[in-house]
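# Close look at the chain arrangement
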Amino acid sequence: MEQIVKILIGDDGSPFSVTLAQKLREFGFYAVTRLQKAAALQQAIRKEMPDVLLLDLSNLAAEELCEIMELVRGNRIQTAVILPRENTMLQRQLMKTGIRICLTKPLDAARLADEIKRYYPKKAEQPKPAAVPEVKQTAELPLTESPTPEYTVAAMMQRLGIPANLQGYQYLREAILAVYVQPQLTYSVTKKLYPLVANHFETTPSRVERSIRHAIDLA
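In this report, we go over the structure that sits alongside the text. (Residues numbered from 1 in each chain as written. Predicted model: local features only at pLDDT ≥ 70, side-chain atom pairs only at ≥ 80, totals over all residues. Heavy atoms only, no water.)

### Considering the overall build of the protein chain
Across its full length, the protein chain holds ten helices and five strands. Evaluated residue by residue, the protein chain yields a buried proportion of 47% over its 219 residues. Considering only contacts within the protein chain whose residues lie at least 6 apart along the sequence, 62% involve residues at least 24 apart. Total accessible area computed for the protein chain in this model is approximately 12100 Å², and 52% of it derives from carbon and sulfur atoms. (Helix = DSSP H or I, 4+ residues; strand = E, 2+ residues; numbered from the N terminus. Buried < 20%, exposed > 50% of the residue type's maximum accessible area, 1.4 Å probe, protein only. Contact = heavy atoms within 4.5 Å. Areas by Shrake-Rupley, 256 points an atom, 1.4 Å probe, with all protein chains shown as cover.)

### Notes on the pairing of strand 2 (residues 30-35)
With five of six residues buried, strand 2 is to be regarded as a mostly interior element. Pairing geometry for strand 1 (residues 6-11) and strand 2, over six bridges, is parallel. Residue pairing in the sheet places Lys 6 in a bridge with Tyr 30 of strand 2. (Pairing = 2+ DSSP bridges.)

### Quick look at the packing of aromatic side chains
Applying the stated criterion across every chain, the model contains one aromatic pair. Ring geometry for Tyr 171 versus Phe 201: centroids 5.1 Å apart, planes at 65°, classification edge-to-face. With a gap of 30 residues between them, Tyr 171 in helix 8 (residues 167-181) and Phe 201 in helix 9 (residues 189-201) connect regions that are remote in the sequence. Across the pair, Phe 201 and Tyr 171 agree in class, each one buried. Here the guanidinium or amino end of Lys 6 rests over the ring plane of Tyr 30, the centre of that ring lying 5.7 Å away. Over the ring of Phe 16 we find Lys 105; its NZ or CZ atom is 4.8 Å from the centre of that ring. (Phe/Tyr/Trp six-rings, centres within 6.5 Å; stacked < 30°, edge-to-face > 60°. Lys NZ or Arg CZ within 6 Å of the ring centre and 35° of its normal.)

### Considering the sheet that holds strand 4 (residues 78-83)
Taken in spatial order, the five strands of this open sheet run 2-1-3-4-5, and their pairing is parallel. At either margin of the open sheet sits one strand with a lone partner, and together these are strand 2 and strand 5 (101-104). Along the sheet, successive strands turn relative to each other by an average axial angle of 20°, direction set aside. Relative to strand 4, strand 3 (residues 52-56) is paired through five bridges, and the arrangement is parallel. Note that in strand 4 the partner of Leu 55 across the bridge is Val 81. Lying on the sheet, helix 2 (residues 38-48) is in contact with strand 1, strand 2 and strand 3; it crosses strand 2 at an angle near 150°. (Axes fitted to C-alpha atoms, helices over the stretch in contact; angles between N-to-C directions.)

Here's what the structure looks like:
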């Protein structure tokens, strides 16, 4: 059975993270995004068992970073971070905490891919996965000219003003993407769609519904 480097990307709610995931998939990696909170990442690490954890420090507090780093120590997970600007002193301090890759914005996805491949040369030689279907989008893209459904949904939710720091944001985005793949789910939201999302996040359908309603109300 072929192996592919698994990358778990911390999602701060902006289209950047899902676009980056698509770009990394084009380089032959398995890449997924999850809410960039300690509890959510802990759950995702158990489920996905990633090789690399990628965090964007633009909107991540130092305390949150320390808590997340406690989760990955001992699990042999390489940690990479993206800094909002060049900061040599901070980069040296981060390296001392066990973070292996430090890059700054604007991000060069090819360089990031090369840095990751240094740690997993054998896995990185595997063939690239099938491309994700494209959808039309007029918004300017930071990393790719081929927007994915994930990018389109994230951009739409950002424009609508749905708070990205809510768990309901993640549930709603997953629900929309599920309906994109299976439109018939709109005819059975309570019986099929909510349970499907709940199973993905290892929670209950009632909690999914409650969190989605709360996110929409705040928007």
